[in-house]
Amino acid sequence: MAIAQSFADFRFLDKFKKPLCLLLVILWLVSSWINFHFWGTVDWYYSSFANPLLFLLAALSGTLVICVISKAIVFPNLTSLGRNSLFFFGFHRIIIDLSFALYNKIGLNVETGTWQAIPFAFVSVALAILVLIPLNWFTLKFFPWCMGKKGRHA
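Below is a short write-up of the structure. (Residues numbered from 1 in each chain as written. Predicted model: local features only at pLDDT ≥ 70, side-chain atom pairs only at ≥ 80, totals over all residues. Heavy atoms only, no water.)

**Notes on the packing of helix 5 (residues 85-105) against helix 6 (residues 117-142)**
Relative orientation and spacing of two packed helices are given, respectively, by the angle between their axes and the distance between those axes.
Point 1. Relative orientation of the contacting elements helix 5 and helix 6 amounts to 130°, with a least axis distance of 8 Å. The angle between helix 5 and helix 6 falls in the class oblique. Note on packing geometry: the crossing formed by helix 5 with helix 6 is right-handed.
Point 2. Grouping the amino acids of the contact of helix 5 with helix 6 by side-chain chemistry returns 19 nonpolar, 5 polar and no charged. (Axes fitted to C-alpha atoms, helices over the stretch in contact; angles between N-to-C directions. Helix = DSSP H or I, 4+ residues; strand = E, 2+ residues; numbered from the N terminus. Parallel < 35°, antiparallel > 145°, perpendicular 65-115°, else oblique. Left-handed = near helix turned anticlockwise from the far one by under 90°. Nonpolar A, V, L, I, M, F, W, Y, C, P; charged D, E, K, R; others polar.)

**Things to note about the packing of aromatic side chains**
Point 1. Inspection of the entire model under this criterion finds 8 aromatic pairs.
Point 2. Measuring from ring centre to ring centre gives 5.4 Å for Phe 100 and Tyr 103, while their planes differ by 75°; the resulting arrangement is edge-to-face. With Phe 100 and Tyr 103 both in helix 5 and 3 residues apart, this pair spans about one turn of that helix. In this pair, the class of Phe 100 matches that of Tyr 103, namely buried.
Point 3. Ring centres 6.0 Å apart and planes at 65° place the aromatic pair Phe 138 and Phe 143 in the edge-to-face group.
Point 4. Through pairs of rings, three or more aromatic residues link up here, namely Phe 138, Phe 142, Phe 143 and Trp 145. (Phe/Tyr/Trp six-rings, centres within 6.5 Å; stacked < 30°, edge-to-face > 60°. Buried < 20%, exposed > 50% of the residue type's maximum accessible area, 1.4 Å probe, protein only.)

**Some remarks on the pattern of salt bridges**
Point 1. Summed over all chains, the structure comprises 1 salt bridge.
Point 2. Notably, a salt bridge pairs Arg 93 with Asp 97, separated by 3.2 Å at the nearest N-O pair. Taken as a pair, Arg 93 and Asp 97 lie in helix 5 at a separation of 4 residues, close to a single helical turn.
Point 3. Given a relative accessible area of 35%, Arg 93 falls into the partly exposed group. (Salt bridge = Lys/Arg side-chain N within 4 Å of Asp/Glu carboxyl O.)

Written as structure tokens, this is what we have:
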């Protein structure tokens, strides 16, 4: 906690936010494209990372971009997602896999790892959030101990 607070109090990066963010976006896009173009697809689900160094460079620069952008954007409606993110992290993949199985069941042949799967992935993530928000509320209301909370009104 003290490390996070000291990072939040550190104002050195404030005047370099835009150039830093632009540099990190370029680094992220270039390293991701080179990794994909020369070494093949990256798929966490099957532990395929192509070139590990480029993968780590892209992952680190992408994460830093998200951190810089998230410090600049204030969106209070997303606090329920962040407050209980472990719940969403634990169950989102189940909902996404079920939605892709549903796509195939209704006749939409979606091949994962292709550009055509990206819109379906966005729909699946939105569906996972919409399903998990009420489940999160239900769990917090009736089983708060599952989330590490004390009492009934956590």
